[in-house]
Amino acid sequence: MAAAAVDSAMEVVPALAEEAVPEVAGLSCLVNLPGEVLEYILCCGSLTAADIGRVSSTCRRLRELCQSSGKVWKEQFRVRWPSLMKHYSPTDYVNWLEEYKVRQKAGLEARKIVASFSKRFFSEHVPCNGFSDIENLEGPEIFFEDELVCILNMEGRKALTWKYYAKKILYYLRQQKILNNLKAFLQQPDDYESYLEGAVYIDQYCNPLSDISLKDIQAQIDSIVELVCKTLRGINSRHPSLAFKAGESSMVMEIELQSQVLDAMNYVLYDQLKFKGNRMDYYNALNLYMHQVLIRRTGIPISMSLLYLTIARQLGVPLEPVNFPSHFLLRWCQGAEGATLDIFDYIYIDAFGKGKQLTVKECEYLIGQHVTAALYGVVNVKKVLQRMVGNLLSLGKREGIDQSYQLLRDSLDLYLAMYPDQVQLLLLQARLYFHLGIWPEKSFCLVLKVLDILQHIQTLDPGQHGAVGYLVQHTLEHIERKKEEVGVEVKLRSDEKHRDVCYSIGLIMKHKRYGYNCVIYGWDPTCMMGHEWIRNMNVHSLPHGHHQPFYNVLVEDGSCRYAAQENLEYNVEPQEISHPDVGRYFSEFTGTHYIPNAELEIRYPEDLEFVYETVQNIYSAKKENIDE
């Protein structure tokens, strides 16, 4: 088990020195070496923390070299947890021995909690209060997160269940931190116009396991600005934008000089770097994530506009965002400063369309309709983020294969963080929780969450009484069903009623009709679905109808399906199934089959032996045929 990978709970204290002291002559030669040489030896990388503890207990000279805030313990910490070093400043005083102890303890606590999750939450999605143990942990959160990342980065095909729950915990921790940062960001005054910062928070929240930071994204944009400056220097070597320093908020006043900046930008972005609007895959959430826009060099109008706006403002061109219907735009003022302006005093820029500059009439032609002057107005950061999240929300509603509705859940969280009293979205969130919590294997806590949301909706809009009442009724019915539930159902292959079951959990199968690859994680002696499902799936047209074993399978496309036995066959070329829930049920992939984790094995205690026999018969026979 992955627990074996944990180093023994080593106490890094001077008491480690229980071994015999080296011969006096040898020790004397060692301690007489220059301090720099001794430090080099102690930092060579081959000594463990336990070794350093023993060395420091031999004499005063070595104890002084191994002082807790010195280079030796810093190197021990760096070698063991290199990713944490970025959190320390070179000028800070750090007790590295103490940091080592705290990080070691946090790692053991993290693994203890991860190990407990499978037993606690195997039969349900991790509930909303399932992370309370984590929130109450002592010590720096970055240490706990680092251990979770270490678990996720374990090599090989083992520890799948550990990785599954470590990922869920890390996802939750980072999202909570990002959401708190976003809420603080939204409290900034209306004139705080860091559009990029807000867009990065959205990106981070939807991709909490990715290493995304405003600093890194800004650095990538700065490199584009440098290219623009190089091109601009060829147009006008005395252009004032070339003298701007990074981080300065400067403005170019002359329209002609601003035009030169935009020309240089268009050349660099669209001709040199080949950025373009993603017309081929418009409805892809990646188009809204700024780090993906920079990597893939494509996006949709709003994300391309934010990139264009950020670069232009760094070079002194005061572009402004316009929440134009169906197509986000930027506007560029052509009127005199201080004059009364209307919509015709601006040029409108389509960053999605390679920076094309449009008149009012051309803007309306772009979307095929006439719009009021109000829609040409500038919008603040919150409105821009609202539109970005609204786009993600629309994409989340389109989700078909992803049965966790992760994008929909994330976008709802973001939208309600900005507008907590949106009745329709609260109702959608209640329905979503209801959908995720209605089945017996789902979370009981989600049901209680539904009731909290419904009560809030009723307070905001009594007119929603009908919809709220319906959900409350069914939610309470679900609570009653949960109270009546019994313990774990154990299915024995040796039972007479299971005599027709041919396959076992963990086997890699292929669907005869649809051709998809899958792994079995459960089975029933006959179809256990309702009459409506049986009718809709046309089960009666099968030769054996619903009176045959049916199997719960995880499919390579990320879906979960319920397949009839006659439609499945052994996959003669077994391969890993890329499904997000594989780790929930299995601990290891052997190359031919999956090994169930402890919780799944409890429910199917006799299946593993059958799997071994099947693998031996199917794949050994195939190997012999190949050898012949």
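All values derive from a computational prediction rather than experimental measurement. (Residues numbered from 1 in each chain as written. Predicted model: local features only at pLDDT ≥ 70, side-chain atom pairs only at ≥ 80, totals over all residues. Heavy atoms only, no water.)

Colleague: Sorry if this is basic, but what is going on with the overall build of the chain here?
Modeller: Looking only at helices and strands, the chain has 24 helices and 13 strands in total. With 628 residues in all, the chain has 47% of them scored as buried. Expressed as a percentage of contacts within the chain between residues at least 6 apart in sequence, the contacts between residues at least 24 apart total 63%. Carbon and sulfur atoms provide 51% of the accessible area of the chain, an area that totals close to 32600 Å². (Helix = DSSP H or I, 4+ residues; strand = E, 2+ residues; numbered from the N terminus. Buried < 20%, exposed > 50% of the residue type's maximum accessible area, 1.4 Å probe, protein only. Contact = heavy atoms within 4.5 Å. Areas by Shrake-Rupley, 256 points an atom, 1.4 Å probe, with all protein chains shown as cover.)

Colleague: Would you explain the pattern of salt bridges in this entry?
Modeller: If the charged atoms of two oppositely charged side chains come close together, the side chains can form a pair. Considering all chains together, one arrives at 13 salt bridges under this definition. Residues Arg-54 and Asp-51 are paired through a salt bridge, measuring 3.3 Å at the closest nitrogen-oxygen approach. Taken together, the residues span about one helical turn, with Arg-54 and Asp-51 both in helix H3 (residues 49-55) at a distance of three residues. Accessibility expressed as a relative area gives 24% for Asp-51, which makes it partly exposed. What you see here is one network of salt bridges that share partners, running through Arg-103, Arg-111, Asp-146 and Glu-147. (Salt bridge = Lys/Arg side-chain N within 4 Å of Asp/Glu carboxyl O.)

Colleague: Is there a simple way to think about the packing of helix H9 (residues 160-186) against helix H16 (residues 381-398) in this case?
Modeller: The relative placement of two packed helices comes down to the angle between their axes together with the axis-to-axis distance. For the pair H9 and H16, the least separation of the axes is 11 Å and the interaxial angle reads 140°. With respect to H16, the axis of H9 lies oblique. Side by side, H9 and H16 meet where Leu-182, Phe-185 and Leu-186 of the first sit next to Val-381, Lys-382 and Leu-385 of the second. A class-by-class count of the residues in the contact of H9 with H16 yields five nonpolar, no polar and one charged. (Axes fitted to C-alpha atoms, helices over the stretch in contact; angles between N-to-C directions. Parallel < 35°, antiparallel > 145°, perpendicular 65-115°, else oblique. Nonpolar A, V, L, I, M, F, W, Y, C, P; charged D, E, K, R; others polar.)

Colleague: Teacher, can you tell me more about the packing of helix H5 (residues 71-80) against helix H6 (residues 96-121) here?
Modeller: Here H5 crosses H6 at 30°, and the two axes come no closer than 8 Å. One finds that H5 runs roughly parallel with respect to H6. The two elements H5 and H6 meet at a crossing, and its hand is left-handed. Listed contacts from H6 to Trp-73, Lys-74, Gln-76, Phe-77 and Arg-80 of H5 are Trp-96, Leu-97, Glu-99, Tyr-100, Arg-103 and Gln-104. Residue composition of the contact of H5 with H6, grouped by class: five nonpolar, two polar and four charged. (Left-handed = near helix turned anticlockwise from the far one by under 90°.)

Colleague: Sorry, what's going on with helix H8 (residues 141-152) here?
Modeller: Residues spaced three or four apart along an α-helix face the same direction, because each turn holds 3.6 residues. With 12 residues, H8 extends 17 Å from end C-alpha to end C-alpha; this agrees with the ideal 16 Å at 1.5 Å per step. All of the buried residues along H8 are Phe-143, Phe-144, Glu-145, Asp-146, Glu-147, Leu-148 and Ile-151. (Expected span 1.5 Å × (residues − 1).)

Colleague: Mind showing me how you'd approach the side chain of Gln-258 here?
Modeller: Following the sequence through the fold, Gln-258 ends up in helix H12 (residues 255-272). Of the polar contacts made by the side chain of Gln-258, one reaches the backbone oxygen of Val-252; its length is 2.6 Å. Beyond its immediate stretch of four places on either side in the chain, Gln-258 contacts Val-252, Met-253, Val-317, Pro-318 and Trp-332. (Polar contact = N/O pair within 3.5 Å; in protein donor to acceptor, adjacent residues only side chain to side chain.)

Colleague: Please clarify how the nonpolar core should be interpreted in this entry.
Modeller: One recurring pattern in soluble globular proteins: nonpolar side chains tend to sit buried together. Counting 74 residues, the largest nonpolar core has Met-265, Tyr-308, Ile-311 and Leu-319 as its most contacted members. Beyond its immediate chain neighbours, meaning those up to four positions away, Tyr-308 contacts Leu-262, Met-265, Asn-266, Leu-269, Tyr-270, Leu-319, Leu-330, Ile-349, Ala-351 and Gly-355. Ranked by size, the runner-up nonpolar core spans 31 residues in total, among them Leu-160, Tyr-585, Tyr-594 and Val-611. (Core = buried A, V, L, I, M, F, W, Y, C linked by side-chain atoms within 4.5 Å.)

Colleague: Which parts of the structure should I look at to understand the confidence of the model for the chain?
Modeller: A low pLDDT means the predicted coordinates there should not be read in detail. Looking at the chain, pLDDT values average 85 and 82% of them are 70 or higher. Confidence over residues 1-24 falls short of pLDDT 50; this stretch has 35 contacts with residues more than four positions distant or in other chains. (pLDDT = per-residue confidence, 0-100.)

Colleague: What am I meant to see in the environment of Leu-315 here?
Modeller: Tracing the backbone shows Leu-315 in the loop between helix H14 (301-314) and strand S3 (320-322). Exposure remark for Leu-315: the relative accessible area of 1% places this residue in the buried category. Expressed as a C-alpha distance, the spacing of Leu-315 and Val-228, which sit 87 residues apart in the sequence, is 9.0 Å. Every residue in contact with Leu-315, bar those within four places of it in the chain, is listed here: Val-225, Val-228, Cys-229, Ser-241, Phe-244, Val-252, Val-261 and Met-265.

Colleague: When you look at the packing of aromatic side chains in this model, what are you seeing that I'm missing?
Modeller: Aromatic rings in a pair are described by how distant their centres are and how their planes are angled relative to each other. Enumeration according to the criterion identifies 25 aromatic pairs in this entry. Every member of this aromatic cluster is reached through a ring pair, and the members are Trp-73, Phe-77, Trp-81, Tyr-88, Trp-96, Tyr-100 and Phe-143. Of note, Arg-331 hangs over the ring of Tyr-346, and the distance from its end group to the ring centre comes to 4.0 Å. The lysine or arginine in question, Lys-382, covers the ring of Tyr-419, its NZ or CZ lying 4.8 Å from the ring centre. (Phe/Tyr/Trp six-rings, centres within 6.5 Å; stacked < 30°, edge-to-face > 60°. Lys NZ or Arg CZ within 6 Å of the ring centre and 35° of its normal.)

Colleague: I'm lost on the sheet that holds strand S11 (residues 568-570) in this one. Help?
Modeller: Strand pairing within a sheet occurs via backbone hydrogen bonds; the two strands may be parallel or antiparallel. With respect to topology, five strands assemble into an open sheet ordered S10-S9-S8-S7-S11, the strand pairing being antiparallel. Looking at strand neighbours, the two that pair on one side only are strand S10 (560-564) and S11, the edges of this open sheet. Here the strands of the sheet are splayed against their neighbours by 50° on average, with no regard to which way each runs. Here strand S9 (residues 550-555) runs beside S10; their pairing, made up of five bridges, is antiparallel. Of the residues in S10, the one forming a bridge with Tyr-551 is Ala-563. (Pairing = 2+ DSSP bridges.)

Colleague: Explain the sheet that holds strand S6 (residues 356-358) to me, please; I cannot follow it from the model alone.
Modeller: With antiparallel pairing, four strands are arranged side by side in an open sheet as S3-S4-S5-S6. At either end of the open sheet lies a strand with only one pairing partner, and these are S3 and S6. For this sheet, the mean angle separating the axes of adjacent strands, direction not counted, is 40°. Sheet topology places strand S4 (residues 329-333) next to strand S5 (residues 346-350); four bridges connect them, and they run antiparallel.

Colleague: Help me understand helix H15 (residues 360-367), please; the structure alone is not making it clear to me.
Modeller: Among the residues of H15, those classed as buried are Val-360, Cys-363, Glu-364 and Ile-367. One side of H15 carries all its buried residues, which in axial view fall inside an arc of 95°. Every exposed residue of H15 that faces more than 90 degrees away from the buried side is listed here: Lys-361 and Tyr-365. Phi turns positive, to about 75°, at Gly-368, one or two residues after H15. (Arc of directions from axis to C-beta.)

Colleague: In this structure, what is going on with the pairing of S9? I would like to understand it.
Modeller: Working note: regular strand, side chains alternate between the two faces of the sheet. Most of S9 sits out of view: five of its six residues are buried. In the sheet, strand S8 (residues 517-524) pairs with S9 via six bridges, with the strands oriented antiparallel. If you follow Ile-520 over to S9, its bridge partner there is Val-553.

Colleague: Sorry if this is basic, but what is going on with unusual backbone geometry here?
Modeller: What is expected of a backbone is that most residues other than glycine have negative phi and most peptide bonds are trans. Positive phi, close to 55°, is recorded for Arg-297, a residue that is not glycine. Mapped onto the elements, Arg-297 comes out in the loop between helix H13 (290-296) and strand S2 (298-299). With a relative accessible area of 35%, Arg-297 lands in the partly exposed category. If you check the backbone angles, Asn-538 has positive phi at about 60° while not being a glycine.

Colleague: Which parts of the structure should I look at to understand a nonpolar patch on the surface?
Modeller: Judged by side-chain polarity, Leu-30, Leu-33, Val-37, Tyr-40 and Ile-41 come together as a nonpolar surface patch covering roughly 430 Å² of accessible area. By residue number, the principal contributor to the nonpolar patch is helix H2 (residues 35-42), which donates three residues. Relative to the helices and strands, Leu-33 resides in the loop between helix H1 (24-31) and H2. (Patch = residues over 30% accessible without salt bridge, like charges linked within 9 Å, V, L, I, M, F, W, Y side chains within 5 Å.)

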